[in-house]
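# Notes for the structure review
The lines below spell out each chain.
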Amino acid sequence: MTHPKKQVILAAHFPGVNNTTVWSDPAAGSQIAFDSFRRFAQSAERGKFDFFFLAEGLRLREQRGRIHDLDVVGRPDALTVLAGLAAVTTHLGLTGTVNATFNEPYELARKLASLDHLSGGRAGWNVVTSYDAFTGENFRRGGYLDRADRYTRAAEVLHTARELWDTWPSGEVVADREAGRFTRTADPGEFVHSGQHVDIRGHFTVPRSPQGRPLIIQAGDSDPGREFAARDADAIFSRHGTLESGKAFYADVKGRMARHGRRPDELKILPASTFVLGSSLADAAERAHHIRRQQVSPQTAILLLEQLWNKDLSDHDPDGPLPAFDPVLDDDSIIKGRTRLFDDPLATARQWRATAEEQGLGIRDLIIEVTGRQTFIGTPSTVAATIDEFVQADAADGFILVPHLVPGGLDEFVDGVVPLLQERGVFRTEYTTTTLRGHLGLDDV
Ligand SMILES: Cc1cc2nc3c(=O)[nH]c(=O)nc-3n(C[C@H](O)[C@H](O)[C@H](O)COP(=O)(O)O)c2cc1C
């Protein structure tokens, strides 16, 4: 007997503030106007995508002590944008990244339950914990916590939010005119939570929402991050987009779930992926090359090199050789508002030098070569085949696609690749469910 093929999950990431997003292209639109979000989300819905996704950045990044203004700078609040999108979409899941370190569970639970009501059961929350104390300075009490405490708090914040969502059983609002009663019981929404990070009591104000609990997504790669996902998340936004690293990550995280009494199919693994399409493989490769040059301008190349060297390299020629000296190993990073990107800067510098020498590359061409490659480059047909292969091989359950342009960057995927996935029988041709949990094949809660 042959097994039915796994269905591919597709999400659309309205790209955020990093150099994947090309704002300088003539076709690029606003990163902040509602019309950009609307057009992007409606393209995703036209393509029958599972959900729309927004990242979050709570402080503007700095490098060399000034705002990093080569990429898009600034973005609006995710949940506010998603609430607007609820009114102009009908089936698409609406998910946003919201920090569990700086926000309080009562307000998080209220906002997410409200979004779930407004959207008819399409809300999702990507629970992140933050990279750095620099971001925490924006918040009351400094906000920031050690890594171990961040995940302890994230778990407690999430568990508290669940308790709050569960305080209202379904059917609590009866609005019975004859009996003169609005609620079924006398005391809906009552809760008490007393823990290490959260100590609250009272009544939750939002009646049970259509999904019961919004979809929970996790993004974070450390051991505690993976454990948190295995225990508590419905989906993971991962960085492991190649076949081999995807399979290893998938097996690792799904292998942790039994310990928490969960089945592997209760957690969907969705790597972030970029794509470049062309009319032939050569055409796609040429477009990919052009996009990489747009993404890595001469100034961006120097700034990205500084992130490894941890030193001001503004006097270096972007077309010239790498610095003659080694990276500075200092705890105080030249970049603020972003994680340290390299575990072992000296080893990475050695690799980069070797690549530059072997291929005769200057700084900019080297940076183009060693950072941020596109995940899927090909014709619609080769890209559809690769996506199908990755999902059937358990390197992923689907992908969170990150186009390099807004608002139109998703269109060629929707028009070119989606019909081929549908022909392969691995992607829906119509929505058959109304909630985000339903789209992902997850049980109601
Ligand atoms: C694919 C991916 C996307 C992320 N997106 C965001 C984001 O939009 N906003 C944010 O504050 N943190 C984001 N993070 C950071 C994580 O939530 C987390 O705070 C950080 O990686 C530290 O957790 P870790 O030690 O488990 O990696 C992202 C992480 C990953 C892996």
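Note that the structure is a prediction, hence the values are computed from the model and not measured.

## Some details on the packing of helix H9 (residues 298-309) against helix H11 (residues 363-370)
Interaxial distance between H9 and H11 falls to 9 Å at its minimum, and their mutual angle equals 70 degrees. Taken together, the axes of H9 and H11 lie roughly perpendicular to each other. Relative to H11, the crossing made by H9 is left-handed. Contact residues: Pro-298, Ala-301, Ile-302, Leu-304 and Leu-305 in H9; Ile-363, Arg-364 and Ile-367 in H11.

## Overview of helix H2 (residues 78-86)
Residues Ala-78, Leu-79, Val-81, Leu-82, Leu-85 and Ala-86 constitute the buried set of H2. The buried side chains of H2 occupy one side of the element, clustering within an arc of 155 degrees when seen end-on.

## Some details on the sheet that holds strand S6 (residues 123-128)
Reading around the barrel, the 8 strands line up as S1-S2-S5-S6-S11-S12-S13-S17 and close back on themselves, with parallel pairing between neighbours. In this sheet, adjacent strand axes meet at a mean angle of 30 degrees when their direction is disregarded. Examined bridge by bridge, strand S2 (residues 51-54) and strand S5 (residues 93-99) share 4 bridges and lie parallel to one another. Its bridge partner lying in S5, Leu-54 is registered against Gly-96.

## With respect to a nonpolar patch on the surface
Taken together, the side chains of Leu-60, Ile-67 and Val-73 define a hydrophobic patch exposed on the protein surface, amounting to about 210 Å² of accessible area. Within the secondary structure, Leu-60 sits in the loop between S2 and strand S3 (62-63).

## Re the nonpolar core
One recurring pattern in soluble globular proteins: nonpolar side chains tend to sit buried together. Membership of the largest hydrophobic core comes to 76 residues, with the highest contact counts inside it found for Leu-10, Phe-49, Phe-52, Trp-125, Trp-165, Phe-204 and Phe-413. The residues touching Phe-204, leaving out its near neighbours within four places in the chain, are Tyr-106, Ala-109, Arg-110, Ala-113, Leu-164, Trp-165, Thr-167, Trp-168, Gly-189 and Phe-191.

## Focus: the packing of aromatic side chains
Given two aromatic rings, one states the distance between the centres and the angle between the planes to describe the pair. Within this structure, the stated rule accounts for 16 aromatic pairs. When the centroid spacing of 5.7 Å and the interplanar angle of 50 degrees are considered together, the rings of Tyr-151 and Phe-228 count as tilted. Here Tyr-151, found in helix H5 (residues 147-165), pairs with Phe-228, found in helix H6 (residues 223-232); they are 77 residues apart in sequence, far enough to count as distant. Given a relative accessible area of 2%, Phe-228 falls into the buried group. Here the aromatic rings of Phe-390 and Phe-399 are separated by 6.2 Å at their centres, their planes lie at 55 degrees, and the arrangement is tilted.

## Some remarks on the sheet that holds S3
The sheet built from 3 strands is open, its strands ordered S4-S3-S15 with antiparallel pairing. Two strands close off the open sheet at either side, each with one partner strand: strand S4 (66-67) and strand S15 (335-336). Of the strand pairs in this sheet, S3 and S15 are connected by 2 bridges, and their pairing is antiparallel. Pairing of Gln-63 across the sheet is with Ile-335, part of S15.

## Things to note about the packing of helix H3 (residues 105-118) against H5
Packing of H3 against H5 leaves a shortest axis separation of 9 Å and a crossing angle of 55 degrees. By the angle between their axes, H3 is oblique relative to H5. For H3 against H5, the interelement crossing comes out right-handed. Residues Pro-105, Tyr-106, Leu-108, Ala-109, Leu-112 and Ala-113 of H3 pack against Arg-153, Val-157, Thr-160, Ala-161, Leu-164 and Trp-165 of H5.

## What about the site of the ligand?
Near the ligand you find 16 residues, and of these Glu-56, Arg-147, Tyr-151, Ala-219 and Ser-222 are the closest. Between Ala-219 and the ligand, the recorded distance is 2.6 Å, taken from a backbone N or O atom to an oxygen atom. When isolated, the ligand has an accessible area of 620 Å², and the protein chains bury 90% of it. Of the residues belonging to the shell around the ligand, the class tally is 6 nonpolar, 6 polar and 4 charged.

## So, unusual backbone geometry
The omega torsion across Val-406 and Pro-407 is 0 degrees, close enough to zero to call that bond cis. Its location among the elements puts Pro-407 in the loop between strand S17 (398-401) and helix H13 (411-416). Positive phi, normally seen in glycine, also occurs at Arg-64, with a value near 55 degrees. Take Arg-64: it is sitting in the loop between S3 and S4. The exposure class of Arg-64 is partly exposed, given its relative accessible area of 33%. One non-glycine residue, Asp-394, adopts positive backbone phi at about 60 degrees. Checked against the element boundaries, Asp-394 lands in the loop between helix H12 (380-392) and S17. When its relative accessible area of 34% is taken as the criterion, Asp-394 is described as partly exposed.

Cut-offs used in this document
Residues numbered from 1 in each chain as written. Predicted model: local features only at pLDDT ≥ 70, side-chain atom pairs only at ≥ 80, totals over all residues. Heavy atoms only, no water. Axes fitted to C-alpha atoms, helices over the stretch in contact; angles between N-to-C directions. Helix = DSSP H or I, 4+ residues; strand = E, 2+ residues; numbered from the N terminus. Parallel < 35°, antiparallel > 145°, perpendicular 65-115°, else oblique. Left-handed = near helix turned anticlockwise from the far one by under 90°. Contact = heavy atoms within 4.5 Å. Buried < 20%, exposed > 50% of the residue type's maximum accessible area, 1.4 Å probe, protein only. Arc of directions from axis to C-beta. Pairing = 2+ DSSP bridges. Patch = residues over 30% accessible without salt bridge, like charges linked within 9 Å, V, L, I, M, F, W, Y side chains within 5 Å. Areas by Shrake-Rupley, 256 points an atom, 1.4 Å probe, with all protein chains shown as cover. Salt bridge = Lys/Arg side-chain N within 4 Å of Asp/Glu carboxyl O. Core = buried A, V, L, I, M, F, W, Y, C linked by side-chain atoms within 4.5 Å. Phe/Tyr/Trp six-rings, centres within 6.5 Å; stacked < 30°, edge-to-face > 60°. Near = heavy atom within 4 Å. Polar contact = N/O pair within 3.5 Å; in protein donor to acceptor, adjacent residues only side chain to side chain. Nonpolar A, V, L, I, M, F, W, Y, C, P; charged D, E, K, R; others polar.

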